[in-house]
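Coordinates in review
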Amino acid sequence: LFAGETEFLKGVVAMNGLPPADRVEICFAGRSNVGKSSLINALTGRKGLARASNTPGRTQEINFFTAGDIYVVDLPGYGFANAPVAVVEKWQRLLKQYLSGRQTLRRVFVLIDARHGAKAVDEEIMSLLDKSAVTFQVVMTKTDKVKGAALEESLTRTRAALAKHPAAFPELLLTSSEKAEGIPTLRAIIAGIS
Ligand code: GDP
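Every chain's residues receive numbers from 1 upward, in the order its sequence appears when written. Local features in a predicted model are, by the rule used here, given only for residues with pLDDT of at least 70; side-chain atom pairs are given and counted only at 80 or more, and totals for whole chains, interfaces and linings are based on all residues.

Here's the deal with the sheet that holds strand S5 (residues 105-113)
This is how the line gets drawn: Should DSSP find at least two bridges between two strands, the strands are taken to pair. Segments assigned H or I by DSSP are reported as helices when at least four residues long, segments assigned E as strands when at least two residues long, and all are numbered from the N terminus.
Within the open sheet, the seven strands sit side by side as S1-S3-S4-S2-S5-S6-S7. Their pairing is mixed. Strand pairing shows two members of the sheet lacking a second neighbour, strand S1 (6-12) and strand S7 (173-174), which therefore form its edges. Bridge count between strand S3 (residues 62-67) and strand S4 (residues 70-74): five bridges; the pairing is antiparallel. Directly across from Asn 63, in S4, lies its bridge partner Asp 74.

Written out as structure tokens, the structure reads:
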């Protein structure tokens, strides 16, 4: 599915820039620094690939990658601390249009840091996904950084948040890009979608 054949296609800034909806599409979303680039790189086995999405200027774009016969879409990390209001509004408009209008978008993986659990901004994107009727699945990242009761607490909080969202898969996926944990499982899930 992925290895050796994942390429950055384009950064999209407006609906008319979307590539043709001619194949299965999956999407990754999450707060800045959640570990999204690391996860996409671990999944595709290609270091540095998703860096493209983190470079200045690409942070308000919907970034498309071709991965075998599907599109992998990297949504910029939400929470633009210093962005002007107009920029944020333009981005939110594009995001809403994309999520509600993309027939081939099969699933969004919402990444959440295992140390912190679901936060208000994560719940905002979940609500938007509910409204857009896009199925989503939560992937906990950086599980190597938290253990025991602290991890359980964060998972419990995240599950409670998910229960409020009809578009959510109830099951959480636990991953660590650092330790390559949960990556084969996630890869298999993606293979099952496509
Ligand atoms: P992004 O902004 O969501 O794309 O986040 P990055 O993938 O760039 O990761 C942000 C920081 O978290 C970097 O310093 C990564 O090395 C670190 N990081 C990402 N994934 C993991 C992980 O699974 N375990 C640990 N310990 N650190 C991670």
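So much for the structure itself; the text now carries on.
Considerations on the site of the ligand
Condition: Only the C-beta atom, placed from the backbone, is used; a residue is near a molecule or strand if that atom lies within 6 Å of it. The residue classification treats Ala, Val, Leu, Ile, Met, Phe, Trp, Tyr, Cys and Pro as nonpolar and Asp, Glu, Lys and Arg as charged. All others, Gly included, are polar.
Around the ligand sit 17 residues in total, of which Gly 35, Lys 36, Ser 37, Ser 38 and Glu 178 are the nearest. Top contributing element to the shell around the ligand by residue count: helix H1 (residues 36-44), with three residues. Considered class by class, the residues forming the shell around the ligand number one nonpolar, eleven polar and five charged.

What about the confidence of the model for the chain?
Stated precisely, the cut-off is as follows: Each residue carries a pLDDT score, the predictor's confidence in it, ranging from 0 to 100.
Counting all residues, the mean pLDDT for the chain is 90, and 89% of those residues have values of 70 or more. Predicted complex, confidence summary: ipTM 0.99, pTM 0.94.

Quick notes on helix H3 (residues 120-132)
This is how the line gets drawn: Each residue after the first adds 1.5 Å to the expected span of a helix. Field definition: a residue is buried when 20 or more other C-beta atoms are found within 10 Å of its C-beta, exposed when 12 or fewer are, and partly exposed for counts in between, with C-beta atoms placed from the backbone. Think of it as the arc spanned by the lines of direction from the helix axis to the C-beta atoms. We call two residues in contact if the C-beta atoms placed from their backbones are at most 7 Å apart.
For H3, which comprises 13 residues, the first-to-last C-alpha distance of 18 Å matches the rise-based estimate of 18 Å (1.5 Å per residue) to within 8%. The set of residues buried in H3 consists of Asp 122, Ile 125, Met 126 and Leu 129. Taken end-on, H3 shows its buried residues confined to a sector of 105 degrees, consistent with a single buried face. Facing away from the buried side of H3 by over 90 degrees, the exposed positions are Ala 120, Glu 124 and Lys 131. Here the buried face of H3 lies against strand S2 (25-30), helix H2 (85-101), S5 and strand S6 (136-141). Residue Ala 133 follows H3 closely and has a positive phi angle near 55 degrees.

Concerning the nonpolar core
Within soluble globular proteins, side chains that are nonpolar tend to cluster in buried spots. What counts is decided by this rule: For this analysis, nonpolar core means a set of buried Ala, Val, Leu, Ile, Met, Phe, Trp, Tyr and Cys residues linked through C-beta atoms within 7 Å.
Counting 38 residues, the largest nonpolar core has Cys 27, Ala 29, Val 72, Val 73, Phe 109, Val 110 and Leu 111 as the members making the most contacts within it. At the level of secondary structure, the elements contributing two or more residues to this core comprise S2, H1, S3, S4, H2, S5, H3 and S6. Ranked by the residues each element gives to this core, the list is headed by S5, at six residues. Once residues lying within four places of it in the same chain are set aside, the contact partners of Cys 27 are Val 73, Leu 75, Leu 105, Val 108 and Phe 109.

Focus: unusual backbone geometry
Note on backbone geometry: most residues besides glycine have negative phi, and most peptide bonds are trans. A positive phi is found at Asn 33, a non-glycine position, where the angle reads about 75 degrees. Mapped onto the elements of the fold, Asn 33 is located in the loop between S2 and H1. What makes Asn 33 partly exposed here is the crowd of 13 C-beta atoms within 10 Å. Here Ala 180, not a glycine, exhibits a phi torsion of approximately 55 degrees, which is positive. Tracing the sequence through the fold places Ala 180 in the loop between S7 and helix H5 (183-193).

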